[in-house]
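Structural features, examined
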Amino acid sequence: MVTTASEVRPPKSANSNANHTAVTGMRWWREVGWRHIVGIVMIIVCVLPLLYVLSASLNPGGTLTGSNQLFREISFDNYSNLAERGFWTWARNSLIVCTVTAVGTVLMGAAAAYAFSRFRFKGRRGSLTGLLLAQMFPQTLAFVAIFLLLLSLGEVFPSLGLNSLLGLICVYLGGALGVNTFLMYGFFNTVPRELDEAAKIDGATHAQIFWTIILRLVTPILAVVGLLSFVSAFGDFLVAKVVLQRPEQYTVAVGLYSWASDERTAPWGLFAAGAVVAAIPVILLFMFLQRYIVGGLTSGSVKG
Amino acid sequence: MSQQTVVTDSAGAPPEPPPSRSRPRGDGISHARNYGRGFWVKVILVALIDAGAVYGILSAVAVSQWGIVAFLVVVLLVVNWVYFSKRALPGKYLFPGLVFLFVYVIFTACYTGYIAFTNYGDGHNSTQADAIAAIQIQNEQRVEGSAAYPITIVSQDGELGFAVVQDGQVEVGTAEQPLEAVDGATASDDKATEVPGWDVLNFAAIAQQQEAIVSLRVPVSDDPADGSLRTQDGSTGYIYQSTMSYDPAAGTMTDSATGTVYTPDDRGSFRAPDGTALTPGWKVNVGFENFTRAFTDSRISGPFISILIWTFVFAILSVLTTFALGLFLAVVFNDPRIRGRKIYRSLLILPYAFPGFLAALVWKGMLNPDFGFINETLLGGANIPWLTDPTLAKVSVLLVNLWLGFPYMFLVCTGALQSIPGDVLESARMDGASAARVQRSIVFPLLMVSVAPLLVSSFAFNFNNFSLIYMLTGGGPNFEGTPIIVGHTDILISMVYSVAFESGVKQYGFASALSILIFIIVGVISWWGFRRTRRLEEL
Amino acid sequence: MRRSIPVVAAALGLALTMSACSSGGSNEGDATPKPTTAETTSAPALSGTLTMWVDETRIDVMKPIVQEFQDETGIKVDLVQKVSGDIRTDFVSQVPTGQGPDVVIGAHDWTGEFVNNGVVAPIELGDKASGFASSAIQAFTYDGKLYGSPYAIENIALVRNNKLLPETKANTFDDLITEGKSADKKYSVVIQQGDAGDAYHLYPLQTSFDAPIFKQAADGSYTNELGLGGENGENFAKYLAKLGKEKVLIATIDGEKAKQAFLDGETPYIVTGPWNTTAFTEAGMDISVLPVPSAGGSEAKPFVGVQGAFISAKSKNPLLANEFVTNFLTTEKVQTELYKAGGRLPALTASADKVDDAVLKGFNEAGATGAPMPSIPEMGAMWAFWGTTEVQIISGQAKDPVKAWDKMVTNMQDAVDGTK
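Residues numbered from 1 in each chain as written. Chains lettered and ligands numbered in written order. Predicted model: local features only at pLDDT ≥ 70, side-chain atom pairs only at ≥ 80, totals over all residues. Heavy atoms only, no water.

A short note on the interface of chain B and chain A
Size of an interface: often given as the accessible area lost when the parts come together. Taken residue by residue, the interface counts 133 residues in chain B and 120 residues in chain A. When the buried surface of chain B facing chain A is broken down by residue, Tyr93(B), Tyr104(B) and Arg337(B) rank first, second and third, together holding 7% of it. On inspection of chain B and its partner chain A, the count reaches zero salt bridges. Taken together, chain B and chain A are joined by nine residue pairs in polar contact (both at pLDDT 80 or more). When residues of the side of chain B that touches chain A are assigned to their parent elements, the largest contribution, 20 residues, is made by helix α4 (residues 89-115) of chain B. (Contact = heavy atoms within 4.5 Å. Buried area = accessible area lost by both parts, 1.4 Å probe. Salt bridge = Lys/Arg side-chain N within 4 Å of Asp/Glu carboxyl O. Polar contact = N/O pair within 3.5 Å; in protein donor to acceptor, adjacent residues only side chain to side chain. Helix = DSSP H or I, 4+ residues; strand = E, 2+ residues; numbered from the N terminus.)

If you want it as structure tokens, here you go:
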């Protein structure tokens, strides 16, 4: 079966029924309706704990989980107070760090996955496993090493040292090759090699094949990996608090951690408001990427 | 910036329009040698990296960071070879990611390995020189009943001295020269203002020589037992006696009050013949001691087996439950006939969008046996000991981890389902396979090819999921009366934390050694797991 | 950071040029008044930059003080906000690398760890020391040397909701419980616990059984000998079990729940510290602060916590640091200002005497005889054993309170001995 780039099929969901005719009655319940019930139940489970957070964010004083009486007070003070505590600077820092990290991870991970998928070289299997194993080292103690590393690097390249967003991004990019590579590698393998061969015969370079053929065919997984690395960078505070030592450079996660750090005096209302705001970019990003993740171009052919 | 350039360069060249028809087609000429736009972009990028590396080498030499110099030289050579050689094709795609991997992951792991062979930790956290300085400064005692002297800092040919007023007479001394009366000096308010032959330093000059001034000791008289004058703020001086003196030639510390001689031992401390040690000590290499201690420390070996078993149960069940739920939901919402799919999916990743430690805190509150939302409101005042009963606490930990973890699996599975070619499924259906059968024997195996390695990784992640345990239960409910505080929900890594940090005396060396042992356990299991998943791939 | 260095340098250069101009200009006559004159006449005496670390719980209090210090002395202070959970660890690990600050603001119970690692320099207050509350000086003293300059004192006490109970007659804790019950609310007295226990909040009760954590030497400093073992400690353990059985102490009430319960008027009494009373008064509650009544016959003494400033052993600006820590922070004016901003009792007696806030006075009286929390590095392990055992006794998980207590004492002794 020989396919070429021009023959990529139109978008098609994997296990969709071929006929989209409306179903009704019992059959609807059996095939579609129950899915709504599952969805609603799951959404309740997902949302319930977060109601606490929402309730706390609307309560100017008070505690995070001290009371089961939700929404006893509604006030947006906490939200308007975010600005004076520098929250929006943190949000900006987070967006910069996470966007660059996500893009960098996708590019480097995809490039590596391409190499593993398309080239046969000595130690290929071993290095693929090695990548995964390397990321498994317990990071509980990494802060000592990361601090010293960035301290030394900062003497040579000040922009890669401590207290630098770029320095933090680089630390995150250290994790670019790992699980994500493996995830993409699996997908690259489902793109038939015949496409490459055909393009090569047409005179395309390996770089052109990578950029113009492969990457376009694996958009869903690029979106997934992008989202995953965005979220993990967004939620990380263990590494970030080692690198970023000053409040004006904090990311949202470090900032929130700093608010919750002393439980005795933690401004829980503010903390909750920050967490609610922080969740928005992730949700928006997901909604935006959904159209690539779901119903994106599929490879349209069997592996090999 | 140079590192960032590497990222852009990761694919060798920027996007290009599809190859034009005029190019030679498949005539065996290597594409690396057609000097198109891509090639020149590559040259420019590599040149930029080279420039950055050369700059880095020069500045690293200037600050004597030889490790960085060596690394940059290697990078410089490799980058030029990789991008201009015809043979290093995979390298062109792997190189950028590998650089980051080596610098930020492999290095930190190796550094942890190095710490594991030292006694780095509280009491031994710096060099011997620092320890000597600290011991000396901590053992300087103000002479009891001595006065406070308003002090004037003076200098003569660059040599610093103190001028004080004693019995109406101005006296000056330096580190070499004990205090001595000077004639013709003026003073006001017991503070010398002018001293013939000496320059009185103004504030700016004082601020510039702070460290020298603070470390200056001016003997009060020829007899060292009388003590020496020193100042901490540049304006008031006190008379101190040093009880510990360091002998650089012998490398020993002597207590002048008792005459005890402390000699440095191989554990990084000054130790007296009777065994008492001075604090602080310093960092030294202790060989495999931290590793052997992991096996001989009775505090660890006691609860070790039960914690090891729970760690495995926790990690395996966490993977299975999150994967099962994530996959199930991915399949459920993969049906295009469901209206509002987008909303469902977006809300389902909510637990993933909130910071994890926040979620753990909220769950901890909700699961509180007496006041938590679950017991009080949902179960109408039930009194289920979610976090205080050993077995239920384990169940709670797993459930919360399921809540936290399923969106990841949901995302991955949703993405994976999308890439399963539609025509395979169609042809299966045409062959008359039922929907369930299609799922089981076609979708699932294909899915496993790309997802199975992630499950292994997820296992490894949960094996070391310190933050969840720490935030949710703190390892509790605790065992009763054990010599270290560990509990029924503690996993290996949180037990390491208890042993090495919670005691209040941090032992980085020991903790590093334990981390490495844990890494070996996880690594071996994962390696075995990856070998198994490879078979899936060769389906 | 990177960009700010040239900016600062440029600003300094500019300032120098301008001061040169203005001094030159003044000779020529007063015809052209220069806008910089005001600044240059009060020309800073000292110059340089002092780096100071402070955590988020103290930064709002320190900010104006630091500003004042800058204005008065001309020493530039780089105030860096750190996270309270990490400031200690970071200080210990960063000072040896030369990255740490010159001054760190913190609590006295960090002293042991800092000294043990050689990261702080001793401080000489000279005659000023006598102006401070003796417990404040004692708190920052380790192995006979002073390592911190104290500025505020805090401790826990019994807080009463006057709306629910207008007066307290009880002399013993048992009477207090009876009295609390008469208010007919959900709880009589709330003392926060939580999963890991809270030995700090139970300590007044424990000391009333004459079972302090360590035995004290004649000068009030702690010895290495545990004081909570033996019969006194066992009696306290039995009392805890009793309170647990009577549901006076409830293991699952953590800090949050306790605070909320008091805010909601569910209890007339709570044992807590000044960090919560601000929230109570802000919520419009009428409260009184009293000493915790005795449970075991002796006086109930809470732990006293002292806040102060440490100087890094590797400071590059030791003189500037001392100027701030020993000369500026110790003045009556500054201590009074710190009290006004932070709502904690000043460590300097002259300032403390002027405090007229009833709530703070109440805390002061309740803590008058209290001893500082021990600052030995092993306290981390102590707290863990202590709290865990207490909560196990309260919840009834430990069937035999005396046995559990004795086991705990053994473990604590091992922890103290093990690291020596």
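Description of the sheet that holds strand β9 (residues 199-200) of chain B
Residue and element names in this part refer to chain B. Strand order in the open sheet formed by five strands is β6-β5-β4-β3-β9, with antiparallel pairing between adjacent strands. The open sheet has two free edges, formed respectively by β6 (180-181) and β9, since each of these has just one partner strand. Of the strand pairs in this sheet, strand β3 (residues 152-156) and strand β4 (residues 159-166) are connected by five bridges, and their pairing is antiparallel. Within β4, the residue paired with Ile153 across the bridge is Phe162. (Pairing = 2+ DSSP bridges.)

Concerning the packing of helix α9 (residues 206-217) of chain A against α4(B)
At a minimum axis distance of 10 Å, the contact between α9(A) and α4(B) shows a crossing angle of 50°. Our classification of the angle between α9(A) and α4(B) gives oblique. In contact with His206(A), Ala207(A) and Phe210(A) of α9(A), α4(B) contributes Leu89(B), Lys92(B) and Tyr93(B). In terms of residue class, the contact of α9(A) with α4(B) is built from four nonpolar, one polar and one charged. (Axes fitted to C-alpha atoms, helices over the stretch in contact; angles between N-to-C directions. Parallel < 35°, antiparallel > 145°, perpendicular 65-115°, else oblique. Nonpolar A, V, L, I, M, F, W, Y, C, P; charged D, E, K, R; others polar.)

Looking at the environment of Val119(C)
In this structure, Val119(C) sits in the loop between α5 (111-116) and β4 (120-121). Between the alpha carbons of Val119(C) and Asp198(C) there is a distance of 29 Å; along the sequence they are 79 residues apart. If sequence neighbours within four positions are ignored, Val119(C) has contacts with Asn125(B), Phe91(C), Val92(C), Val95(C), Pro96(C), Phe114(C), Ile311(C), Ser312(C) and Ala313(C).

Overview of the interface of chain B and chain C
Listed by partner, the interface residues are 51 residues for chain B and 53 residues for chain C. Interface area, chain B with chain C, both sides summed: about 4,100 Å², of which 50% is carbon and sulfur. On the chain B side of the contact with chain C, Gln210(B), Gln232(B) and Phe371(B) bury the most area, a combined 16% of that side's loss. Remark: the boundary between chain B and chain C carries three salt bridges.

Section: the pattern of salt bridges
Two side chains with opposite charge may pair up if their charged atoms get near one another. This model, assessed by the stated rule, comprises 23 salt bridges over all chains. Of the charged contacts in the structure, one is a salt bridge between Asp90(C) and Lys82(C), with a shortest N-O distance of 3.2 Å. Here Asp90(C) and Lys82(C) have matching classes, each one buried. When salt bridges with common partners are traced through the structure, they connect Asp122(B), Lys506(B), Arg88(C) and Glu113(C) into a single cluster. (Buried < 20%, exposed > 50% of the residue type's maximum accessible area, 1.4 Å probe, protein only.)

Regarding the sheet that holds strand β9 (residues 189-191) of chain C
Residue and element names in this part refer to chain C. Strand order in this open sheet of four strands is β9-β12-β8-β13, and the pairing throughout is mixed. Looking at strand neighbours, the two that pair on one side only are β9 and β13 (287-290), the edges of this open sheet. Mean inter-strand twist for the sheet, computed between neighbouring axes without regard to direction, equals 25°. Of the strands in this sheet, β8 (157-161), β9, β12 (269-272) and β13 touch helix α10 (residues 255-263), which is tilted by about 140° from β12. Running over the sheet, helix α11 (residues 274-282) touches β8, β12 and β13 and is turned about 140° from β12.

What to know about a nonpolar patch on the surface
A cluster of nonpolar side chains, Ile305(B), Ile309(B), Val313(B), Ile316(B), Leu317(B) and Leu320(B), forms an exposed patch at the surface whose accessible area comes to about 510 Å². Within the secondary structure, Ile316(B) sits in helix α9 (residues 298-332). (Patch = residues over 30% accessible without salt bridge, like charges linked within 9 Å, V, L, I, M, F, W, Y side chains within 5 Å. Areas by Shrake-Rupley, 256 points an atom, 1.4 Å probe, with all protein chains shown as cover.)

Focus on the UniProt feature "transmembrane region" (unreviewed entry) in chain A
Residues and elements named next belong to chain A. Sites flagged by UniProt as "transmembrane region" (unreviewed entry) map to residues 36-54, 94-116, 128-153, 165-188, 209-234 and 268-289. For residues 128-153, the helix share is 73%, the strand share is 0%, and the end-to-end C-alpha distance is 28 Å. The distance from the first to the last C-alpha atom of residues 209-234 is 32 Å, and the span holds 96% helix and 0% strand. (UniProt positions renumbered as here; feature names shortened; annotations may be inferred.)

Regarding the packing of helix α10 (residues 219-235) of chain A against helix α13 (residues 268-293) of chain A
Residue and element names in this part refer to chain A. Packing of α10 against α13 leaves a shortest axis separation of 9 Å and a crossing angle of 170°. Taken together, α10 and α13 sit at an angle that is classed as roughly antiparallel. Facing α10, whose interface residues are Thr219, Pro220, Ala223, Val224, Leu227, Phe230, Val231 and Phe234, α13 presents Ala278, Pro281, Val282, Leu285, Phe286, Leu289, Tyr292 and Ile293. Of the residues that constitute the contact of α10 with α13, the class distribution is 15 nonpolar, one polar and no charged.

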